[in-house]
Each structure stands twice: as structure tokens, then as C-alpha cells.
Amino acid sequence: MNRRDFMKDLALGGVVLRFGPSLLAQAGSQPDMAMVTGESPAAITTAALAVLGGMKRFIAKGDKVMIKPNIGWDRTPELAATTNPEVIKTLVELCLDAGAKEVTVMDNTTNQAQRCYARSGIAEAAKAGGAKVPFVNEYHLKKMALGGEWLKEWEVFTDFVEADKLINVPIAKHHSLSRLTMGMKNWLGAIGGARNQLHQKLDEAMVDLAAFFKPQLTVLDAYRVLTRNGPQGGRTSDAKLQKTVIASIDPVATDTAGAGFFDIRPEELVYLGIAARRGLGQTDLEKLNIEKRTV
Amino acid sequence: MKKERSKKYRALQLIRILSQTAFFGLFFYFLLRTHFTGEDYIGRVEVFFHFDPLLAITTAIASRVLFASFILAAVTIVVTLVAGRFVCGWVCPLGSVHQFFSHIFKKAKLLKPRKEDKSRSRLAWKYLILIAVLVASLFAVDLVGFADPLSFLYRSFATAVVPVLARVGAAFTGLLYGLKIPSFGDAAAQFFGTLSLNQTYQQGFFLGLLFLGVVLLNISKERFWCRYLCPAGALLGILARWNVPKVRIDMEKCIECNLCTLHCQTQANPFPNEEWRSSECVYCYTCAAICPTKAVRFPVKATPEKIESINLSRRKLILTSALAVVAAPFFKITPAAKRAAARLIRPPGALPEPRFLQKCVKCGECMKACPTNALQPALDEAGPEGIWTPVLKPRIGYCEYYCSLCTQVCPTGAIKELTIEEKIKVKIGSAWVNKSRCIPYVLGSPCIVCEEHCPTSPKAIKLVRTEVQLIDGTVQTPLAPVIDLDLCIGCGICENKCPVVDDPAIFCTSVGETRSEKNRLLLDIIKPETQPGEPSDPYR
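What counts as what
Residues numbered from 1 in each chain as written. Chains lettered and ligands numbered in written order. Predicted model: local features only at pLDDT ≥ 70, side-chain atom pairs only at ≥ 80, totals over all residues. Heavy atoms only, no water. Helix = DSSP H or I, 4+ residues; strand = E, 2+ residues; numbered from the N terminus. Buried < 20%, exposed > 50% of the residue type's maximum accessible area, 1.4 Å probe, protein only. Areas by Shrake-Rupley, 256 points an atom, 1.4 Å probe, with all protein chains shown as cover. Lys, Arg positive; Asp, Glu negative; His and termini not counted. Charge placed at Lys NZ, Arg CZ, Asp CG, Glu CD. Patch = residues over 30% accessible without salt bridge, like charges linked within 9 Å, V, L, I, M, F, W, Y side chains within 5 Å. Salt bridge = Lys/Arg side-chain N within 4 Å of Asp/Glu carboxyl O. Pairing = 2+ DSSP bridges. Contact = heavy atoms within 4.5 Å. Polar contact = N/O pair within 3.5 Å; in protein donor to acceptor, adjacent residues only side chain to side chain. Buried area = accessible area lost by both parts, 1.4 Å probe. pLDDT = per-residue confidence, 0-100. Axes fitted to C-alpha atoms, helices over the stretch in contact; angles between N-to-C directions. Parallel < 35°, antiparallel > 145°, perpendicular 65-115°, else oblique. Left-handed = near helix turned anticlockwise from the far one by under 90°. Nonpolar A, V, L, I, M, F, W, Y, C, P; charged D, E, K, R; others polar. Core = buried A, V, L, I, M, F, W, Y, C linked by side-chain atoms within 4.5 Å. Disulfide = S-S within 2.5 Å. Phe/Tyr/Trp six-rings, centres within 6.5 Å; stacked < 30°, edge-to-face > 60°.

This part takes up the overall build of chain B. Across its full length, chain B carries 23 helices and 10 strands. Each principal axis of the C-alpha atoms in chain B carries an extent, and together these give about 105 × 60 × 35 Å. Burial analysis of chain B (540 residues in total) assigns 56% to the buried set. Counting every atom, chain B has about 24,300 Å² of accessible surface; 66% of that belongs to carbon and sulfur. In chain B, 65 positive and 43 negative side-chain charges are present, and the distance between their average locations comes to 12 Å.

Quick look at a positive patch on the surface now. Taken together, B:R10, B:K107, B:K109, B:K112 and B:R114 make up a surface patch of like positive charges. Here B:K112 is to be found in the loop between α6 (93-107) and α7 (125-138).

With four bridges joining them, strand β2 (residues 64-69) of chain A and strand β3 (residues 102-105) of chain A adopt parallel strand pairing. The residue bridging A:V65 from the neighbouring strand is A:V103, located in β3(A).

The subject of this paragraph is helix α8 (residues 251-258) of chain A. All names here are of chain A. In terms of burial, α8 is a largely internal element, eight of the eight residues being buried. For α8, the set of buried residues is P251, V252, A253, T254, D255, T256, A257 and G258. Turning to α8, the residues buried within the fold contact β1 (33-37), β9 (217-226), β10 (239-248) and α9 (270-277). Two to three positions downstream of the cap, the backbone nitrogen of V252 sits 2.8 Å from a side-chain oxygen, assigning the N-cap of α8 to D250.

Taken together, the contact pairs 44 residues of chain B with 35 residues of chain A. For the pairing of chain B and chain A, the buried interface totals around 3,100 Å² over both sides, and the portion due to carbon and sulfur atoms is 47%. The tally of links between chain B and chain A comes to two salt bridges. Between A:R119 and B:D40 there is a salt bridge, with its nearest N and O atoms 2.8 Å apart. At the junction of chain B with chain A, the criterion picks out 25 residue pairs in polar contact (both at pLDDT 80 or more).

Glancing now at the confidence of the model for chain A. Model confidence for chain A is summarised by a mean pLDDT of 92, while 91% of its residues fall at 70 or above. Per-residue pLDDT stays below 50 along residues 13-27 of chain A; that stretch engages in eight contacts with residues further than four places along the chain or on separate chains.

What follows deals with the pairing of β10(A). In the case of a regular strand, side chains alternate between the two sheet surfaces. Residues and elements named next belong to chain A. In this sheet, β10 lies alongside β1 in antiparallel orientation, the contact comprising five bridges. What sits directly across from T37, in β10, is T244. When β9 meets β10, the two strands line up antiparallel, connected through eight bridges. Bridging across to β10, R224 finds its partner in L241.

What follows covers the packing of helix α2 (residues 41-51) of chain A against helix α3 (residues 85-97) of chain A. All names here are of chain A. Where α2 contacts α3, the axes come no closer than 8 Å and their chain directions differ by 45 degrees. By the angle class used here, α2 and α3 are oblique. Like other packed secondary-structure pairs, α2 and α3 cross with a definite hand, here right-handed. Where α2 abuts α3, its residues P41, A42, T45, T46 and L49 lie against E86, V87, T90, L91 and L94. Tallied by class, residues from the contact of α2 with α3 come to six nonpolar, three polar and one charged.

We now examine the nonpolar core. Residue and element names in this part refer to chain A. Counting residues in hydrophobic clusters, the biggest one holds 91 residues, and the most contacted among them are M55, I67, I167, F213 and V219. Among the elements that take part in this core, helix α7 (residues 202-213) stands out by supplying nine residues, more than any other. When near neighbours in sequence (up to four residues on either side) are disregarded, V219 contacts L49, V87, L91, I167, N168, V169, P170, V245, I246 and A247.

Residue and element names in this part refer to chain B. Within the structure shown, the criterion is met by zero disulfides over all chains. Left without a disulfide partner, C291 is nearest to the cysteine sulfur of C257, which lies 6.1 Å away. With relative accessibility at 8%, the residue C291 sits in the buried group. Here C406 is not cross-linked by a disulfide; its sulfur's nearest cysteine counterpart is in C399, at 6.3 Å.

Another point: the confidence of the model for chain B. When pLDDT is averaged along chain B, the result is 91, and 94% of the positions lie at 70 or above. Across the assembled chains, the prediction reports ipTM 0.89 with pTM 0.91.

All names here are of chain A. Scanning the model with the defined rule gives 29 salt bridges over all chains in all. Measuring nitrogen to oxygen at the nearest pair gives 3.0 Å for the salt bridge that ties R179 to E268. On the criterion of sequence distance, the pair formed by R179 in strand β8 (residues 179-181) and E268 in the loop between α8 and α9 is long-range, its members being 89 residues apart. The residue D238 makes a salt bridge to R228 at a minimum N-O spacing of 2.6 Å. Remark: R228 occurs in the loop between β9 and β10 and D238 occurs in the loop between β9 and β10; sequence separation between them is 10 residues. For R228, a relative accessible area of 12% corresponds to the buried category.

Omega for the peptide link from A:G230 to A:P231 comes to 0 degrees, which places this bond in the cis form. Note the cis peptide between B:S457 and B:P458, where omega equals 0 degrees. With a phi angle near 55 degrees, B:I448 is a residue other than glycine that sits in the positive phi range. Within the element layout of this structure, B:I448 appears in the loop between α21 (439-443) and α22 (449-453).

As a further point, take helix α13 (residues 231-239) of chain B. Since one α-helical turn is 3.6 residues long, residues separated by three or four positions face the same way. Burial analysis of α13(B) places eight of its nine residues in the buried class, which makes it a mostly covered element. For α13(B), the full list of buried residues reads B:P231, B:A232, B:G233, B:A234, B:L235, B:L236, B:G237 and B:L239.

Residues and elements named next belong to chain B. Going through the model one piece at a time under the given rule, you end up with 37 aromatic pairs over all chains. With a centroid separation of 5.9 Å and an interplanar angle of 40 degrees, the aromatic rings of F152 and F211 are classed as tilted. With a gap of 59 residues between them, F152 in helix α9 (residues 149-178) and F211 in helix α11 (residues 204-216) connect regions that are remote in the sequence. Accessibility expressed as a relative area gives 2% for F152, which makes it buried.

Here it is, written out as C-alpha cells:
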């Protein structure tokens, strides 16, 4: 990124911050959210990005891109505990095609990292797409001021902060505390420290983390969703095929739309309410320009 | 007489050093490879152990069962019968470690070979150790793990040397970041991450000290362990009856300088020739290479001849056997066998406790393989016989659901080899909630961390709304964990991840373990009826 680009970004960023995502939602003809359904995870991902105006809308030439899937568990893709590897691979390829200099895919896993990376199929797929797939490195942990309402500071993997562009690629899953885990909950995989202690105020922590990380793009993998025994599942019968991805510039709207795959109204998700109150995004989908497609 | 050393034997000596380096390298490579490499099945990384006839014989006697993989020990036996203790001198990785350090200590002038110690009594120690181990195994007490060279080496490396390497690696990585060369730091961090070296072992410090002590014994005598202590070497010494290559001293060339005997690594006494101890010679060729007049040679002679071996007095033999007979019950004076120990959680696939103790050789393969560092060398958990046998410590690590590495690498079958599909059905214990420490039960606030991590489906940890009275008298109804003991496999991830870190509010004990018929919670006959293969599932 050269200085001129930086100045442009800075100016644009100022405008975006000033007028908020709602303005961005109405600006131009490009949709704010794409919901694409189809047989192939790769095809629906490609189509979703095409609907949003192509990856070039988000990625500038020479960008260092960080893609954050959910690789938390030692589970195969069929069990819907981890992000679909084809979705990740497609996004990697799209980023590189859009001129990204480097694409990294990583997550702070719960089970042994080597196992999660292998069994989820994500390491292999992302490498095949051309990404770097390192394990999280404790030397990159840095205690940072998060400026949250509840989480004032926490240890963060700086990789997620230093990347030029950040793409969040969660999978939609049942969770017994936050009810559902999608995009905002996914940021627990970008931090270190005693993550298990965040559960005492999980909804607040999720919102604080989402406010801190601010991805350029969120792609919710709902090819398979986990309907029970979350967030790990374990039997194929715990998963349900929805064959959909939702891609959006609004991280709150993605999670709101994702609730539709479950018998849960968005109002029941406490963290969405907090996020909307804090102006992190839109929970009223009526106000967004959403394009649905089937491929 | 023209003084000139033999080039041929110098070359043979170098080839021997190459062979030792190669086999030690192989041993170390297999050790480093004993972890999750990306595949569920790891291959025979424990193969070294199967060439060890001492382990083959003692575990077969102690457990009254032959373990098929030990067929490879026949190779070692045949080689030794024909050619003598080549394996000690050319292959054994612990022998190589001792020889290496003996060499270093000699160069450092810490070890000075003195005029040959005429007393042979110390050479007999190892035979007495061997007899003690064998007699004990007759009484179904497996002591071989304490003394076997491969068990000793592997255990020391797994629980002390590798953790030290890992920590040095981490310090080195930190240094690279400190020097502001993060790209090198990243490379180092990823490299050590890929090796997944376990860093934590209870008793690791003492096991390391023991190893260090045994290495330092080489200051006293070259290859002290091999000369005086090694029961496997003793067994091969007994087998070495034929010794096709025999040491011969050409008396016309010999100047009787005694260098050969002085520098003999194992006190095999090549000079005077008729006093050569074929049972002690490990064919290192030091004598032939050091001889200033090329007088020492190893011609191939197929004919058997009178063999000078170690004289074990009948009195000592009887005394040792008697001691071993006493030792067997001595190792059993423990309440360990009386009732199952709560915290004695064995790896999945472990045989029932008495059978397990007869077979486990305390080698530490399973501890090296364990991806979460959960398997630890026992101290008092399993009685004296069970010292250094593997015990799962959920506070250090937990049993990874889809992992059966420990069952695959056990060299003796003390842990039965399991496929992943078989392994996930094995219960190694049961989890219990300590309601006086659990966050929802005590503070009334949400937590669910144990439930979230529970790997079974349906989950063995259920969340139930529970009324909790707080200190201000108000009542909260948080979701609190309750265990379904039918579904719980005792993996320990709940205990490991519990946010009440010092003394977790959920913990695992061994009760209900599949391997035991006694350590039961409920008899099957009084359990509520469920359809076969249909665990109780509130979602259905």
C-alpha cells in the first residue's frame, strides 16, 4: 500500500466512521449482503462475492489478507463444527486473483492445533488455494487495549490486527450459552489468554471483540449448520444441510441473517441486541440491500 | 619391531562409529516422529523395542503371553548366537550414548583408563540383575522396565531430554524475537510447533538426574552401564557362545604393552589372549585399532572353543534368586491392588490393571505420543510396581477424542492397539462435578465451559437450570452442569478446561473404566433399559 492509497483509505475510513454503516448500506447499487444457495460450496462462495461486486471491492493490490475460519475442533467437515474447507479455499483464490500479495489462514484452536488443521480439511484446502496456514504463535500475543465496554484489554494475536484486510469466515452452529455461534463469537479464536473465563459474560465479550476486530468482509458458512450438541457436534445427524453462504460487509447483519437457519428469532440473541445498541451493524434486515441467489 | 597401527581396523572402527551414529539417529528420528504427524495412524515407530530379546522374554514370562511383534528379537538372538555381542557395540543406542560420553570424558582427561582391574566381580553385577529380573518375572512382577537399556533411554529422553530441548527451543525462539529478527523467530516457532514436543512431566527432573547420573558413571569406567549394569547385555553375553570372529594376538608381533586390554571398552580382556572374555566383547575393534604393532586381529573361525566367561558363584546365584523371590511380593506390599485408585486413570486400551502391570515396561512411548502431554510417569498412583507407568493427568492434558496414538506405539501390548472407531467407545473414567466450587452452583453466573468441550455426541455433560441462593439472599437460576455417566468417557477435557484452575470444579476419576470388571459404578443389570446402540439422548 503506497502513501496515496493510504491517504485515500484514511479519507474513506473517516467518511465511513462518520456516517456509519447505514449510509454505506444505501450508497451505490452494490448489495450489502449476498445469500447464495447451491450444491457446491465453492460455487456459492464465488457467486456470493460476485453479487457483492467482486473481491476487488474489498481487496486492493498488494494487500496482506488474513482469513479467519473456525478451525476450533478436531472434526471432519461433515460434522459441521468447523468452516467448510472449500469455502476457505475459494476465498483464498479470490483474494489472490484480486491482487492480494499474501493470504494467511489461521485460528487459535481448542483441540490440538495440528489435529484441527488436518481433520477439518482447512489446512490442505487453504494451502492448495495458495495461502499460508501457520499455527498461532504465542510470541505474537500482545496485550492490547480493546476499548470495549466490558473487555478493556486482552491478549490478541497481532497477526489479526496487522493484516491489511480481515475476512471473517465463521460457520453457523448451536452453542449452549450464546445460543448460536457465528461471526461475532468467531473472534474468540483470534485471542489468547484464559478464553474460558470470558464465558461468564460471553455476550458482552463477543460484542467487544467484534467491535475491536472489524472485518472488511464476513462470509458465514451455512453449507452445513450445526443444530445441536454445539459447538462440536459429533454425529452427522447433529448437522443439517443448508447449502448456503451469506457474505456481507455488516458483521451484525450476517449473524442476524444466520439465525434464520435455526428456530431462533434474532431478538432472542442477546449479543445482537448489544451490538445493535452500540452501532456495530444492522439487525433490521429490511434496511439492507440483500440479494438472494441460487446457483 | 616396526611400529605401525592397522589401517584396516581403524577403518572398521570408523564404520562402527558410523553404524552407531546411524542407529542412534534412527532411534532419535523415531522418537521425534512419535507424535501426531497429520495422520491418525503412525506406523511402527516403536520398532526398536521389538528387537530387544530381554523385553521379549521377560514380558512373555511375566504376562504368560507371547506378543507377536517381538518375533524381531529373534534377529538379535541369532546374530548374537553366531557373531557375539555385535548389537551392543554397533547398534544399541544407549551403548552409543555411553561410548560417546566415555570418549568425551577420556579426551577431557576425566576418565583415565588405569591398569586393568583384575577383579571380575563387578562384571557379574549385570548377570545378577538379569537373574533378578527373570526370577521376578516368573512371579509375574515385571521389573525389566527399570533396567532395560531401551526403556531407560526412551523414558529419559521422552520425560527429560525432549522437554529440555523443547524449552531450549522456546528460549532460542524468544531470543530471535528479542534480536528483532521476527521472520527467523516465526520459522523457529513453526518448526518447534510441528514437532509438538511435550514440555511437562512430573518427576521429569528426577528422571533427568538419573539419566545424567548414569552418563556420569562413565567417568569411573568406560561404558560403565554396559560393563556392569545392563541386563540386556548380560542376556546377550550368555547367548554369545560361538563368536565366529575371535580375537587373536599374534605373539610374534606383540610387544606386551597391554594397550589393548587397557583400552578395552567392556573389559573383555583381549590380552592375554587365552583370557579373552567372548561374552563381554562388543566388537568395537578398539583393541585391534590401537595395537601399535598390528598384533591384534579378528579372524573368522567357525570352530567353537573353550570360552572364558564370567564365573558366577553358585552362592551369588542362589542369593540373587532368593532376593528376587522376596522382591516379587515386596513390590506388592501396597494397597494399590486392594481397590481401584480414583486418580489412576490409564490410557485408553490399557489392559486390566494386573495384566497391565505385567506387560508395561515403563518405556514412555505413550507419554511421548500423547498430543496433550496428559500421560505422565506414575509415582505412587499405581504402587511400587507401577512406578513410571503411564497415568493420565487431566490437569496437565486430556485424552484427545479422535486419537489412539498411545495404543499404537505401546511396544508390549500393555495398551491394546485400537483403531479410532474402537477408541472412542472406550471409557477410561468418569467425570464428577464439585458443586461447592462450580461457578454456576456457587456464584449463580453462567459458565458452560465443560459442556462446550465435552466431545461425545450426545454430550455427557448436560446443562440444567438450577436454583442457586446467593449471599444477598436472592435466587438465580443459571444453567449448571450435570453428568450423564452413561455417556461420559472420562477423557478429562472438562477438568482440563475448567476455569476454576487451581482445583477444577469438575474432575475425573477412574470409576467405570471399561477395562475393569470391579471398578464399576452401576451393574448393567440395574441400569434402565435402553435400546442397544441408542444412548439416552434428550434431543431425540
